[in-house]
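Residue-level listing of the chains:
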Amino acid sequence: MMQADRTLDFDPNRRSFLSALAASAALAGPLGGLASSGALAQQAAAASALKDDAAFWNEVRGLFSHKPGVRYMNIGTAGSMPVETLNLLDSENRRMARESMSGYSNFLDQRKTLARSFGCDPDEIVMSGNTSDGMCHSLLGLVWLPGDEIVTTNHEHGGGNVPMAILQDRYGVVIKRVTLPVGNKQTAEDYVELFSKAIGPRTKAMVFSAPTYKTGTMLPIKMLAKLAQEKGIVSICDGAHVPGMFAANFHDLGVDFLAGAGHKWQCGPLGTGILYVRNKVLPQYNPRPLPAYYPVVTSSYPLAGGLPPRTTNDKETDDLAARIQSTGSRNAPVYMGLAKSCEVWDRIGRDKIQAYTISMSQHLKEKIAEKWGVDALYSPKDDPRLVCALTGFNPFRNPEHVKDKARSDAFVKRMLDEYGFVIRNVNFPVPGSQQEHYGVRVSTHLWSNMDDVDQLVDAMWDLSGKMNTV
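Residues numbered from 1 in each chain as written. Predicted model: local features only at pLDDT ≥ 70, side-chain atom pairs only at ≥ 80, totals over all residues. Heavy atoms only, no water.

A. Geometry of the overall build of the chain. Each helix and strand counted, the chain has 16 helices and 12 strands in total. For the chain, with 470 residues in total, the buried portion stands at 57%. If you sum the accessible surface of the chain, you get close to 18300 Å²; carbon and sulfur atoms cover 51% of it. (Helix = DSSP H or I, 4+ residues; strand = E, 2+ residues; numbered from the N terminus. Buried < 20%, exposed > 50% of the residue type's maximum accessible area, 1.4 Å probe, protein only. Areas by Shrake-Rupley, 256 points an atom, 1.4 Å probe, with all protein chains shown as cover.)

So this is what it looks like as structure tokens:
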């Protein structure tokens, strides 16, 4: 039998919560690109305050059902639903089976919940199938002409690369890739400059991941969205890891599209994603006219043709999200489950989750720098605008060993078999290296704590010693 629902009532007047929120202003840097010079000191204060609030985070850990003896630090691949989400998913599936119900809906109630969670309006939020589904909606629904250009990066996920390849083959769109640096030697401004130099007169859109799934580098979304606005182009963010990790306000980010995962950091059911489609002109966030857009998968397009013209102000002329959401009979319980997980996050506090998870990641990065040296990091640590709760690094005592896929695979497997930690490895190009690197990637999420991070570092250091052979 499933355990009974567990809920969490949190008192926002607790001392450590207020301390964490004060520090979380600095940790908002990756989204806003506006971190202050005192951000690192604030992050240290956040780590200390949040570590002291162990009782609260033990309660949070109790909201989940995990396999005993295994510490799961690969949330960047897939999450774990709260028990109350699991129970809702089970009961709704059983109710629909008993009553032989359909899944015809635009799921307005659930979209209202997500809109409150992510700072936008219901006509702009879609529960997609996953991030890849959202990226296809974003890219394939725009109007393209031969010779139009997309500026993107060499660290994109297949979920974005594949629809861009379709546009290349189908419409003659030109794909230009920015070579991303890795490590701790760049600032947010460096990334803005790289994109700015690549944008030309034929550029129609910029596509970027924030954070990159390969290294955990948090490209500054708001700064890049502002660049796109200045250049008069469309901004499309692969934000797979944004929902559930960050306290994100989609309006404030200023992007035209953001595709995120529902099943990763947000811990919704598998087969769910979160897609933001800008559907009104709000000058304080993005004054640009809305791009021409046609839903590519929908069952609510006018049969006679003729979508309403896109609005030029703050009042929508069409519920675009409802059109994208309406695709015949869908699996309604998983959408209900995603909304339930979002409610759990809102109850815990998204600001607090952001501060907690990123503080642990920063602690991890500092420990890695102490043992392996700062050059082992593929993720930045010193510019708060580039940090997130994903950490990529080279775990080997001999740095050349990171180019050996079999050795990297063995490291990940042995970390589980011998130490009980689930992490993963990722391949990516590194400027100046003729071979790809196979670094490891660690996710610090709300069911982990600082002791888990310290023990993980000790385990990885121990294993790297055992594997330090020629």
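B. Structural detail: the nonpolar core. Counting residues in each nonpolar core, the largest one holds 100 residues, and the members touching the most others are Ile221, Phe250 and Ile423. Per element, the largest residue contribution to this core is 10 residues, and it comes from helix H13 (residues 332-348). In this structure, Leu142, Phe257, Leu275 and Leu320 belong to the second largest nonpolar core, which totals 22 residues. (Core = buried A, V, L, I, M, F, W, Y, C linked by side-chain atoms within 4.5 Å.)

C. Structural detail: the side chain of serine 128. Here serine 128 shows up in strand E2 (residues 125-128). Serine 128 sits in the buried class, given a relative accessible area of 2%.

D. Seen up close, the pairing of E2. Neither face of E2 is left uncovered, since the one carrying Ile125 and Met127 and the one carrying Val126 and Ser128 both have all their residues buried. The sheet contact formed by E2 and strand E8 (residues 273-277) spans 4 bridges and is antiparallel. Directly across from serine 128, in E8, lies its bridge partner glycine 273. (Pairing = 2+ DSSP bridges.)

E. A look at helix H6 (residues 108-118). Of the positions making up H6, those classed as buried are Gln110, Arg111, Thr113, Leu114, Ala115, Ser117 and Phe118. For H6, the secondary structure elements touched by its buried residues are E2, helix H11 (250-253), E8, helix H12 (320-325), H13 and helix H14 (350-372). At the C-terminal side of H6, glycine 119 shows a positive phi close to 65°. (Contact = heavy atoms within 4.5 Å.)

F. Broad picture of unusual backbone geometry. Cis geometry marks the peptide bond from alanine 210 to proline 211; its omega dihedral reads -5°. Residue placement: proline 211 occurs in the loop between strand E5 (203-209) and helix H10 (221-231). In the Ramachandran plot, phenylalanine 107 falls in the positive-phi region, its phi being about 55° despite a non-glycine side chain. For phenylalanine 107, the location among the structural elements is in the loop between helix H5 (83-99) and H6.

G. Just the packing of aromatic side chains, in detail. All chains considered together, the criterion is met by 13 aromatic pairs. Aromatic pair phenylalanine 396 and phenylalanine 411: ring centres 5.6 Å apart, planes at 70°, arrangement edge-to-face. With phenylalanine 396 in the loop between strand E9 (390-393) and helix H15 (405-419) and phenylalanine 411 in helix H15, this pair connects stretches of sequence that are 15 residues apart. The two residues phenylalanine 396 and phenylalanine 411 agree in class, both being buried. Each residue in the set Phe56, Trp57 and Tyr356 is aromatic and connected to the rest through ring pairs, giving one cluster. A cation over a ring is seen here: lysine 204 above tryptophan 144, with NZ or CZ 5.9 Å from the ring centre. In this structure, arginine 397 packs its charged tip against the face of tryptophan 461, placed 3.6 Å from the ring centre. (Phe/Tyr/Trp six-rings, centres within 6.5 Å; stacked < 30°, edge-to-face > 60°. Lys NZ or Arg CZ within 6 Å of the ring centre and 35° of its normal.)

H. The packing of helix H7 (residues 131-140) against helix H8 (residues 158-171), seen in detail. The contact between H7 and H8 brings their axes to 8 Å, and the two run at 30°. Relative to H8, H7 is oriented roughly parallel. In terms of crossing hand, the pair formed by H7 and H8 is right-handed. For the pair H7 and H8, contact is made by Ser132, Met135, Cys136, Leu139 and Leu140 and by Gly159, Gly160, Pro163, Met164, Ile166 and Leu167, respectively. (Axes fitted to C-alpha atoms, helices over the stretch in contact; angles between N-to-C directions. Parallel < 35°, antiparallel > 145°, perpendicular 65-115°, else oblique. Left-handed = near helix turned anticlockwise from the far one by under 90°.)

I. The sheet that holds strand E7 (residues 257-261), seen in detail. An order of E2-E8-E7-E6-E5-E3-E4 is seen for the 7 strands of this open sheet, with the pairing classed as mixed. Only two strands of the sheet have a single neighbouring strand rather than two, namely E2 and strand E4 (174-178). Each neighbouring strand pair of the sheet contributes to a mean axis angle of 20°, computed without reference to strand direction. Docked against the sheet, H6 engages E2 and E8, running at close to 115° with respect to E2. Here H8 sits on the sheet and contacts strand E3 (149-153), E4 and E5; the angle it forms with E4, its principal contact strand, is near 140°.

J. Broad picture of the environment of serine 196. Inspection of the secondary structure assignment puts serine 196 in helix H9 (residues 188-198). Separated by 28 residues in the primary sequence, serine 196 and leucine 224 have C-alpha atoms spaced 9.0 Å apart.

K. Broad picture of the pattern of salt bridges. By the definition in use, this model includes 33 salt bridges. The residue glutamate 84 makes a salt bridge to arginine 347 at a minimum N-O spacing of 2.8 Å. Pair noted here: glutamate 84 is in helix H5 and arginine 347 is in helix H13, with a separation of 263 residues, a long-range link. Accessibility expressed as a relative area gives 28% for arginine 347, which makes it partly exposed. For arginine 414, the salt bridge identified is with glutamate 418, shortest N-O distance 2.6 Å. A residue pair is termed a helical-turn pair when its members lie 3 or 4 positions apart in one helix, as arginine 414 and glutamate 418 do in helix H15 at 4 residues. We classify arginine 414 as partly exposed; its relative accessible area is 26%. (Salt bridge = Lys/Arg side-chain N within 4 Å of Asp/Glu carboxyl O.)

L. Fine view of the side chain of arginine 441. Relative to the elements of secondary structure, arginine 441 occurs in strand E12 (residues 437-443). Although buried, arginine 441 forms no salt bridge, and the nearest oppositely charged side chain, aspartate 238, lies 10 Å from it. Within the local environment of arginine 441, its side chain forms a polar contact with the backbone oxygen of tyrosine 213, the two atoms lying 2.9 Å apart. Among all residues touching arginine 441, those that are not within four sequence positions of it are Met73, Asn74, Gly76, Thr77, Tyr213, His241, Leu390, Thr391, Gly392, Ile423, Arg424 and Val426. (Lys, Arg positive; Asp, Glu negative; His and termini not counted. Polar contact = N/O pair within 3.5 Å; in protein donor to acceptor, adjacent residues only side chain to side chain.)

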